[in-house]
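Descriptive analysis of the structure
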Amino acid sequence: MKVGTITFHFVNNFGGALQAYALQKTIADECRTEVEIIDYRNWFIRFTDTVRLFPITTNKKEFRSGLKTMKQRLRRVRRMKKFIRSKCKLTRLYSSGLALRANVPDCDKFVCGSDQIWNPFLTCGLAQPYFLGFVKDMNKKIAYAPSFGSNKMLAIQAKKIKKYLNDFNAVSVREHDGAVLVKMLTGKDAVQLIDPAFLLKKEDWDAISVKPRIKGRYILLYIMQRDDNVYHYAKKIKEKLGIQLVEISRYGYKPDFVDVSLIDIGPGEFIGLFQNADYICTNSYHGLIFSLIFEKEFCQIPCKKFYLRINNLLKLLRINTSEVLNEGESLSARYNKQAVRETISAEREKAVRYLKRNILEEG
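Below is a short write-up of the structure. (Residues numbered from 1 in each chain as written. Predicted model: local features only at pLDDT ≥ 70, side-chain atom pairs only at ≥ 80, totals over all residues. Heavy atoms only, no water.)

Attention now goes to the overall build of the protein. Looking only at helices and strands, the protein features 15 helices and 12 strands. Computed over its C-alpha atoms, the radius of gyration of the protein comes to 20 Å, within 12% of the 21 Å expected for a compact globule of 363 residues. Once the C-alpha set of the protein is aligned to its principal axes, its extents read approximately 60 × 45 × 40 Å. Per-residue burial over the protein gives 55% buried out of 363 residues. Across the protein, every contact between residues at least 6 apart in sequence was considered, and the portion connecting residues at least 24 apart equals 74%. Charged side chains in the protein number 62 positive and 38 negative. The centres of these two groups are separated by 6 Å. (Helix = DSSP H or I, 4+ residues; strand = E, 2+ residues; numbered from the N terminus. Rg over C-alpha atoms; globule rule 2.2 N^0.38 Å. Buried < 20%, exposed > 50% of the residue type's maximum accessible area, 1.4 Å probe, protein only. Contact = heavy atoms within 4.5 Å. Lys, Arg positive; Asp, Glu negative; His and termini not counted. Charge placed at Lys NZ, Arg CZ, Asp CG, Glu CD.)

See the structure below:
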(Lines give C-alpha, C1' and ligand atoms only; values in the text may rest on other atoms or scores of the structure.)
Protein backbone atom coordinates (compact mmCIF):
# COMPACT_ATOMS: atom_id res chain seq x y z
CA MET A 1 0.00 0.00 0.00
CA LYS A 2 1.10 3.54 -0.73
CA VAL A 3 -0.24 6.76 0.81
CA GLY A 4 0.14 10.23 -0.67
CA THR A 5 -0.03 13.28 1.60
CA ILE A 6 -0.49 16.85 0.48
CA THR A 7 0.21 19.93 2.59
CA PHE A 8 2.37 23.06 2.83
CA HIS A 9 5.72 21.26 2.86
CA PHE A 10 8.11 23.18 0.61
CA VAL A 11 7.84 26.48 2.44
CA ASN A 12 10.11 29.00 4.14
CA ASN A 13 8.41 28.22 7.43
CA PHE A 14 9.65 25.99 10.26
CA GLY A 15 6.17 24.89 11.36
CA GLY A 16 5.11 23.95 7.84
CA ALA A 17 8.19 21.84 7.16
CA LEU A 18 8.11 20.09 10.54
CA GLN A 19 4.39 19.22 10.52
CA ALA A 20 4.76 17.77 7.01
CA TYR A 21 7.66 15.59 8.19
CA ALA A 22 5.77 14.51 11.32
CA LEU A 23 2.65 13.36 9.46
CA GLN A 24 4.63 11.38 6.90
CA LYS A 25 6.71 9.67 9.59
CA THR A 26 3.66 8.87 11.72
CA ILE A 27 1.72 7.28 8.86
CA ALA A 28 4.78 5.28 7.77
CA ASP A 29 5.52 4.06 11.31
CA GLU A 30 1.98 3.42 12.54
CA CYS A 31 0.39 2.11 9.36
CA ARG A 32 3.50 0.27 8.17
CA THR A 33 3.06 1.60 4.67
CA GLU A 34 4.95 3.57 2.07
CA VAL A 35 4.26 7.31 2.20
CA GLU A 36 5.08 10.06 -0.25
CA ILE A 37 4.47 13.78 0.06
CA ILE A 38 2.83 14.97 -3.16
CA ASP A 39 5.24 17.67 -4.30
CA TYR A 40 2.56 20.16 -5.28
CA ARG A 41 3.69 23.76 -4.95
CA ASN A 42 0.81 26.20 -5.01
CA TRP A 43 1.61 29.27 -7.12
CA PHE A 44 0.50 31.77 -4.47
CA ILE A 45 2.47 30.08 -1.68
CA ARG A 46 5.55 30.21 -3.93
CA PHE A 47 4.86 33.88 -4.69
CA THR A 48 4.42 34.92 -1.04
CA ASP A 49 7.51 32.95 0.02
CA THR A 50 9.52 34.83 -2.60
CA VAL A 51 8.10 38.19 -1.51
CA ARG A 52 8.93 37.42 2.12
CA LEU A 53 12.60 37.17 1.23
CA PHE A 54 12.51 40.95 1.10
CA PRO A 55 12.07 42.89 4.37
CA ILE A 56 8.37 43.77 4.68
CA THR A 57 8.23 46.08 7.67
CA THR A 58 7.54 49.69 8.61
CA ASN A 59 10.39 49.61 11.13
CA LYS A 60 13.32 51.37 9.42
CA LYS A 61 16.00 49.61 11.49
CA GLU A 62 14.42 46.24 10.79
CA PHE A 63 14.19 47.06 7.08
CA ARG A 64 17.89 47.94 6.90
CA SER A 65 18.78 44.76 8.79
CA GLY A 66 16.71 42.78 6.30
CA LEU A 67 18.66 44.19 3.37
CA LYS A 68 21.99 43.41 5.05
CA THR A 69 21.04 39.82 5.93
CA MET A 70 19.62 38.75 2.55
CA LYS A 71 22.37 36.14 1.99
CA GLN A 72 21.78 34.61 5.43
CA ARG A 73 18.06 34.37 4.79
CA LEU A 74 18.64 32.73 1.43
CA ARG A 75 20.81 30.16 3.21
CA ARG A 76 17.94 29.52 5.63
CA VAL A 77 15.66 28.80 2.67
CA ARG A 78 18.22 26.33 1.32
CA ARG A 79 18.36 24.64 4.73
CA MET A 80 14.56 24.26 4.67
CA LYS A 81 14.65 22.67 1.23
CA LYS A 82 17.52 20.39 2.21
CA PHE A 83 15.58 19.20 5.26
CA ILE A 84 12.50 18.27 3.21
CA ARG A 85 14.54 16.55 0.51
CA SER A 86 16.64 14.57 3.01
CA LYS A 87 13.99 13.68 5.60
CA CYS A 88 10.90 13.20 3.43
CA LYS A 89 10.04 11.13 0.39
CA LEU A 90 8.55 13.22 -2.41
CA THR A 91 6.69 12.48 -5.63
CA ARG A 92 7.62 14.21 -8.86
CA LEU A 93 7.14 17.98 -8.87
CA TYR A 94 3.70 19.40 -9.65
CA SER A 95 3.73 23.15 -10.25
CA SER A 96 -0.01 23.43 -10.87
CA GLY A 97 -3.32 21.77 -10.11
CA LEU A 98 -3.72 21.03 -13.82
CA ALA A 99 -0.45 19.09 -13.87
CA LEU A 100 -1.59 17.14 -10.82
CA ARG A 101 -4.94 16.21 -12.38
CA ALA A 102 -3.20 15.12 -15.58
CA ASN A 103 -0.76 12.83 -13.74
CA VAL A 104 -2.32 11.66 -10.49
CA PRO A 105 0.19 9.92 -8.19
CA ASP A 106 -0.28 6.16 -7.99
CA CYS A 107 -1.47 5.86 -4.37
CA ASP A 108 -4.03 3.69 -2.61
CA LYS A 109 -5.07 6.47 -0.20
CA PHE A 110 -4.59 10.23 -0.11
CA VAL A 111 -4.35 12.39 3.02
CA CYS A 112 -4.62 16.18 2.91
CA GLY A 113 -3.35 18.12 5.90
CA SER A 114 -2.42 19.48 8.26
CA ASP A 115 -1.59 23.24 8.44
CA GLN A 116 -3.83 25.97 7.06
CA ILE A 117 -4.26 24.38 3.64
CA TRP A 118 -7.98 25.22 3.65
CA ASN A 119 -7.39 28.90 4.41
CA PRO A 120 -8.39 30.85 1.27
CA PHE A 121 -6.37 33.86 2.42
CA LEU A 122 -3.10 31.90 2.23
CA THR A 123 -3.76 30.32 -1.18
CA CYS A 124 -5.47 33.31 -2.85
CA GLY A 125 -8.82 31.54 -2.91
CA LEU A 126 -9.58 27.91 -2.16
CA ALA A 127 -6.96 25.66 -3.75
CA GLN A 128 -8.69 22.52 -5.04
CA PRO A 129 -5.60 20.26 -4.82
CA TYR A 130 -5.58 20.74 -1.03
CA PHE A 131 -9.14 19.33 -1.03
CA LEU A 132 -7.89 16.33 -3.06
CA GLY A 133 -9.86 17.52 -6.09
CA PHE A 134 -7.57 15.49 -8.36
CA VAL A 135 -8.73 12.19 -6.76
CA LYS A 136 -11.86 10.72 -8.32
CA ASP A 137 -12.57 7.92 -5.82
CA MET A 138 -13.97 9.41 -2.59
CA ASN A 139 -13.05 6.23 -0.69
CA LYS A 140 -9.40 7.21 -1.11
CA LYS A 141 -9.80 10.73 0.30
CA ILE A 142 -8.93 11.47 3.94
CA ALA A 143 -8.47 14.82 5.65
CA TYR A 144 -6.03 14.95 8.55
CA ALA A 145 -6.60 18.07 10.65
CA PRO A 146 -6.50 20.85 8.05
CA SER A 147 -7.25 24.34 9.31
CA PHE A 148 -9.49 26.98 7.73
CA GLY A 149 -7.56 29.66 9.62
CA SER A 150 -10.82 31.49 10.32
CA ASN A 151 -14.45 30.73 11.09
CA LYS A 152 -15.61 33.35 8.58
CA MET A 153 -16.09 32.48 4.91
CA LEU A 154 -17.50 34.28 1.91
CA ALA A 155 -20.70 32.75 0.52
CA ILE A 156 -18.98 31.59 -2.66
CA GLN A 157 -16.19 29.99 -0.62
CA ALA A 158 -18.67 28.23 1.66
CA LYS A 159 -20.45 26.81 -1.38
CA LYS A 160 -17.19 25.41 -2.78
CA ILE A 161 -16.14 23.96 0.57
CA LYS A 162 -19.47 22.16 0.89
CA LYS A 163 -19.01 20.64 -2.55
CA TYR A 164 -15.43 19.58 -1.88
CA LEU A 165 -16.06 18.06 1.55
CA ASN A 166 -19.11 16.07 0.52
CA ASP A 167 -16.71 14.05 -1.63
CA PHE A 168 -14.56 12.81 1.29
CA ASN A 169 -14.48 9.42 2.97
CA ALA A 170 -13.23 10.85 6.28
CA VAL A 171 -12.96 14.44 7.48
CA SER A 172 -11.03 15.74 10.47
CA VAL A 173 -10.02 19.29 11.32
CA ARG A 174 -7.52 20.91 13.64
CA GLU A 175 -9.74 23.40 15.48
CA HIS A 176 -13.15 23.17 17.14
CA ASP A 177 -14.33 26.12 15.07
CA GLY A 178 -13.42 24.16 11.94
CA ALA A 179 -15.59 21.25 13.08
CA VAL A 180 -18.48 23.66 13.64
CA LEU A 181 -17.99 25.09 10.14
CA VAL A 182 -17.92 21.62 8.52
CA LYS A 183 -21.10 20.64 10.39
CA MET A 184 -22.87 23.81 9.34
CA LEU A 185 -21.90 23.44 5.68
CA THR A 186 -22.16 19.69 5.15
CA GLY A 187 -23.97 18.19 8.12
CA LYS A 188 -20.94 15.93 8.69
CA ASP A 189 -19.33 15.45 12.08
CA ALA A 190 -15.68 16.25 11.58
CA VAL A 191 -13.25 14.80 14.12
CA GLN A 192 -11.01 17.35 15.86
CA LEU A 193 -7.40 16.13 15.80
CA ILE A 194 -4.11 17.60 16.99
CA ASP A 195 -1.38 19.11 14.83
CA PRO A 196 0.95 16.44 13.37
CA ALA A 197 3.89 17.86 15.37
CA PHE A 198 2.26 16.37 18.49
CA LEU A 199 2.16 12.92 16.87
CA LEU A 200 5.90 12.56 17.43
CA LYS A 201 7.23 12.22 20.96
CA LYS A 202 10.13 14.13 22.46
CA GLU A 203 12.55 11.34 21.64
CA ASP A 204 11.46 11.43 17.98
CA TRP A 205 12.25 15.12 17.79
CA ASP A 206 15.50 14.57 19.69
CA ALA A 207 16.63 12.34 16.83
CA ILE A 208 16.64 15.18 14.30
CA SER A 209 17.56 18.11 16.56
CA VAL A 210 20.83 20.00 16.19
CA LYS A 211 22.32 21.25 19.46
CA PRO A 212 22.71 25.05 19.44
CA ARG A 213 26.17 26.59 19.67
CA ILE A 214 25.19 28.76 22.60
CA LYS A 215 27.08 28.71 25.86
CA GLY A 216 25.05 28.96 29.03
CA ARG A 217 21.36 29.22 29.81
CA TYR A 218 19.05 31.24 27.59
CA ILE A 219 15.54 32.48 26.95
CA LEU A 220 14.34 31.73 23.42
CA LEU A 221 12.37 34.41 21.58
CA TYR A 222 10.44 33.35 18.47
CA ILE A 223 8.09 35.81 16.77
CA MET A 224 5.91 34.80 13.86
CA GLN A 225 3.90 38.02 13.50
CA ARG A 226 5.80 41.20 14.38
CA ASP A 227 4.48 42.58 17.68
CA ASP A 228 6.26 44.98 20.04
CA ASN A 229 4.33 43.41 22.95
CA VAL A 230 6.42 40.26 22.54
CA TYR A 231 9.62 42.27 22.91
CA HIS A 232 8.09 43.98 25.95
CA TYR A 233 7.45 40.64 27.66
CA ALA A 234 10.78 39.16 26.56
CA LYS A 235 12.67 42.09 28.08
CA LYS A 236 10.83 41.67 31.39
CA ILE A 237 11.52 37.94 31.43
CA LYS A 238 15.21 38.57 30.80
CA GLU A 239 15.34 41.07 33.67
CA LYS A 240 13.68 38.55 36.00
CA LEU A 241 15.70 35.45 35.04
CA GLY A 242 19.02 37.21 34.50
CA ILE A 243 20.09 35.00 31.59
CA GLN A 244 20.81 35.73 27.93
CA LEU A 245 18.07 36.23 25.35
CA VAL A 246 18.37 34.39 22.03
CA GLU A 247 16.06 35.27 19.14
CA ILE A 248 15.20 33.26 16.04
CA SER A 249 15.06 36.31 13.81
CA ARG A 250 13.36 36.84 10.47
CA TYR A 251 15.39 39.86 9.33
CA GLY A 252 18.28 40.01 11.77
CA TYR A 253 17.05 43.13 13.54
CA LYS A 254 18.57 43.02 17.02
CA PRO A 255 17.20 45.23 19.83
CA ASP A 256 19.75 46.20 22.50
CA PHE A 257 18.46 43.66 25.04
CA VAL A 258 18.71 40.70 22.63
CA ASP A 259 22.05 38.93 23.13
CA VAL A 260 22.04 36.58 20.13
CA SER A 261 20.10 36.93 16.87
CA LEU A 262 19.93 33.79 14.67
CA ILE A 263 18.91 33.88 11.02
CA ASP A 264 20.72 31.13 9.13
CA ILE A 265 19.21 28.06 10.80
CA GLY A 266 17.25 25.06 9.55
CA PRO A 267 14.50 22.89 11.09
CA GLY A 268 17.01 20.76 13.02
CA GLU A 269 18.56 23.83 14.64
CA PHE A 270 15.06 25.19 15.32
CA ILE A 271 14.16 22.03 17.25
CA GLY A 272 17.45 22.14 19.14
CA LEU A 273 16.88 25.72 20.25
CA PHE A 274 13.48 24.85 21.77
CA GLN A 275 14.83 21.66 23.29
CA ASN A 276 17.66 23.42 25.16
CA ALA A 277 15.94 26.69 26.17
CA ASP A 278 15.20 27.54 29.80
CA TYR A 279 12.20 29.70 28.89
CA ILE A 280 10.35 30.52 25.69
CA CYS A 281 8.59 33.71 24.65
CA THR A 282 6.55 33.42 21.44
CA ASN A 283 3.42 34.45 19.56
CA SER A 284 3.72 31.52 17.14
CA TYR A 285 1.38 28.52 16.98
CA HIS A 286 4.20 26.06 16.39
CA GLY A 287 6.32 27.96 18.90
CA LEU A 288 3.63 27.10 21.44
CA ILE A 289 3.51 23.47 20.26
CA PHE A 290 7.24 22.86 20.68
CA SER A 291 7.24 24.68 24.02
CA LEU A 292 4.68 22.11 25.18
CA ILE A 293 6.36 19.09 23.57
CA PHE A 294 9.58 19.91 25.42
CA GLU A 295 7.60 20.94 28.53
CA LYS A 296 9.11 24.41 28.81
CA GLU A 297 7.93 27.38 30.79
CA PHE A 298 6.67 29.91 28.29
CA CYS A 299 4.98 33.22 27.68
CA GLN A 300 2.44 33.04 24.85
CA ILE A 301 1.47 36.43 23.42
CA PRO A 302 -1.61 36.60 21.16
CA CYS A 303 -0.81 36.77 17.46
CA LYS A 304 -2.60 39.59 15.64
CA LYS A 305 -3.53 37.23 12.81
CA PHE A 306 -4.78 33.66 13.04
CA TYR A 307 -5.05 33.65 16.84
CA LEU A 308 -8.02 31.29 16.52
CA ARG A 309 -5.76 28.22 16.28
CA ILE A 310 -3.68 29.23 19.32
CA ASN A 311 -6.78 29.84 21.41
CA ASN A 312 -8.25 26.47 20.36
CA LEU A 313 -5.06 24.67 21.38
CA LEU A 314 -4.86 26.37 24.77
CA LYS A 315 -8.48 25.42 25.44
CA LEU A 316 -7.92 21.82 24.34
CA LEU A 317 -5.00 21.47 26.74
CA ARG A 318 -6.84 23.36 29.50
CA ILE A 319 -4.16 26.01 29.81
CA ASN A 320 -5.65 29.10 31.39
CA THR A 321 -4.91 31.92 28.98
CA SER A 322 -5.42 34.59 31.61
CA GLU A 323 -2.51 33.12 33.61
CA VAL A 324 -0.31 33.00 30.54
CA LEU A 325 -1.17 36.43 29.18
CA ASN A 326 -1.68 38.53 32.28
CA GLU A 327 1.38 40.76 32.71
CA GLY A 328 1.59 40.21 36.43
CA GLU A 329 1.56 36.42 36.02
CA SER A 330 3.39 35.94 32.74
CA LEU A 331 6.89 35.99 34.24
CA SER A 332 6.08 33.03 36.47
CA ALA A 333 3.37 31.36 34.38
CA ARG A 334 2.96 27.67 35.15
CA TYR A 335 0.84 24.87 33.77
CA ASN A 336 0.24 21.35 34.92
CA LYS A 337 2.81 19.50 32.82
CA GLN A 338 1.55 16.07 33.81
CA ALA A 339 -2.03 16.94 32.84
CA VAL A 340 -0.92 18.43 29.51
CA ARG A 341 1.31 15.40 28.86
CA GLU A 342 -1.63 13.05 29.46
CA THR A 343 -3.95 15.09 27.22
CA ILE A 344 -1.41 15.14 24.40
CA SER A 345 -0.89 11.38 24.78
CA ALA A 346 -4.65 10.73 24.62
CA GLU A 347 -5.02 13.02 21.59
CA ARG A 348 -2.09 11.28 19.91
CA GLU A 349 -3.73 7.87 20.37
CA LYS A 350 -7.01 9.25 19.04
CA ALA A 351 -5.24 10.60 15.94
CA VAL A 352 -3.37 7.36 15.27
CA ARG A 353 -6.62 5.37 15.53
CA TYR A 354 -8.20 7.72 13.00
CA LEU A 355 -5.31 7.27 10.58
CA LYS A 356 -5.21 3.48 10.94
CA ARG A 357 -8.98 3.11 10.62
CA ASN A 358 -9.23 5.18 7.45
CA ILE A 359 -5.99 4.20 5.76
CA LEU A 360 -5.85 0.48 6.48
CA GLU A 361 -9.53 -0.40 6.24
CA GLU A 362 -11.21 -0.55 2.89
CA GLY A 363 -13.57 2.32 2.13
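Right, picking up where we left off after that structure.
A full pass over the atoms with the stated rule returns zero disulfides. Cys107 supplies the cysteine sulfur nearest to Cys112, a cysteine that is in no disulfide, at a spacing of 13 Å. Residue Cys299 stays outside any disulfide, its sulfur separated by 4.4 Å from that of Cys281, the closest cysteine. Classification of Cys299 by relative accessible area gives buried; the value is 0%. (Disulfide = S-S within 2.5 Å.)

Attention now moves to the packing of helix H11 (residues 285-293) against helix H12 (residues 307-316). The contact between H11 and H12 brings their axes to 9 Å, and the two run at 25°. It follows that H11 is roughly parallel to H12 by the angle criterion. In this structure, H11 contributes Tyr285, Leu288 and Ile289 to the contact, and H12 contributes Arg309, Ile310, Leu313 and Leu314. Its residues assigned to classes, the contact of H11 with H12 shows six nonpolar, no polar and one charged. (Axes fitted to C-alpha atoms, helices over the stretch in contact; angles between N-to-C directions. Parallel < 35°, antiparallel > 145°, perpendicular 65-115°, else oblique. Nonpolar A, V, L, I, M, F, W, Y, C, P; charged D, E, K, R; others polar.)

This paragraph deals with the sheet that holds strand S4 (residues 109-112). With parallel pairing, seven strands are arranged side by side in an open sheet as S3-S2-S1-S4-S5-S6-S7. Edge positions in the open sheet fall to strand S3 (90-94) and strand S7 (191-192), since each of these has one partner strand only. (Pairing = 2+ DSSP bridges.)

With that out of the way, let us pick up the environment of Ser284. Looking at where Ser284 falls in the secondary structure, it is placed in the loop between strand S11 (279-282) and H11. Overall, Ser284 belongs to the buried group, its relative accessible area being 4%. The spatial distance from the C-alpha of Ser284 to the C-alpha of His176 is 19 Å, given a sequence separation of 108 residues. With residues up to four places along the chain from it excluded, the contact list for Ser284 reads Tyr222, Met224, Gln300 and Ile310. Looking at Ser284, its side chain comes within polar contact range of the main-chain nitrogen of His286, at 3.3 Å. Looking at Ser284, its side chain comes within polar contact range of the main-chain nitrogen of Gly287, at 2.9 Å. (Polar contact = N/O pair within 3.5 Å; in protein donor to acceptor, adjacent residues only side chain to side chain.)

This brings us to the sheet that holds strand S8 (residues 218-222). Pairing is parallel across the open sheet formed by five strands, whose spatial order is S10-S9-S8-S11-S12. Each edge of the sheet is formed by a strand with only one pairing partner; in this case those strands are strand S10 (260-262) and strand S12 (297-300). On average, each strand axis in the sheet is tilted by 20° relative to the strand beside it, whichever way the strands run. Pairing analysis gives four bridges linking S8 to S11, with the strands arranged parallel. Following the sheet pairing, Tyr222 is matched in S11 by Thr282. Running at roughly 135° to S8, helix H10 (residues 267-276) makes contact with S8, strand S9 (244-248), S10 and S11 of the sheet.

For the structure shown, the criterion picks out 18 salt bridges. Between Asp264 and Arg79 there is a salt bridge, with its nearest N and O atoms 2.8 Å apart. Taken together, the residues span a long stretch of sequence, with Asp264 in the loop between S10 and H10 and Arg79 in helix H4 (residues 70-87) at a distance of 185 residues. Judged by its relative accessible area of 33%, Arg79 falls in the partly exposed class. (Salt bridge = Lys/Arg side-chain N within 4 Å of Asp/Glu carboxyl O.)

Turning to its location among the elements, Lys60 is positioned in helix H3 (residues 60-68). Residue Lys60 is classed as exposed on the basis of its relative accessible area of 64%. Separated by 193 residues in sequence, Lys60 and Tyr253 have C-alpha atoms that sit 9.9 Å apart.

As a further point, take the nonpolar core. Formed by 63 residues in total, the largest nonpolar core has its most connected members in Tyr144, Trp205 and Phe290. For this core, the element with the most residues is helix H1 (residues 14-31), which contributes nine residues. Residue contacts for Phe290: discarding those within four places in its chain leaves Leu18, Ala197, Trp205, Phe270, Ile271 and Phe274. Core analysis: the next-biggest nonpolar cluster, separate from the first, contains 34 residues, Phe110, Phe131, Ala179 and Ala190 among them. (Core = buried A, V, L, I, M, F, W, Y, C linked by side-chain atoms within 4.5 Å.)

Geometric descriptors of this kind do not, in isolation, establish any biological role.
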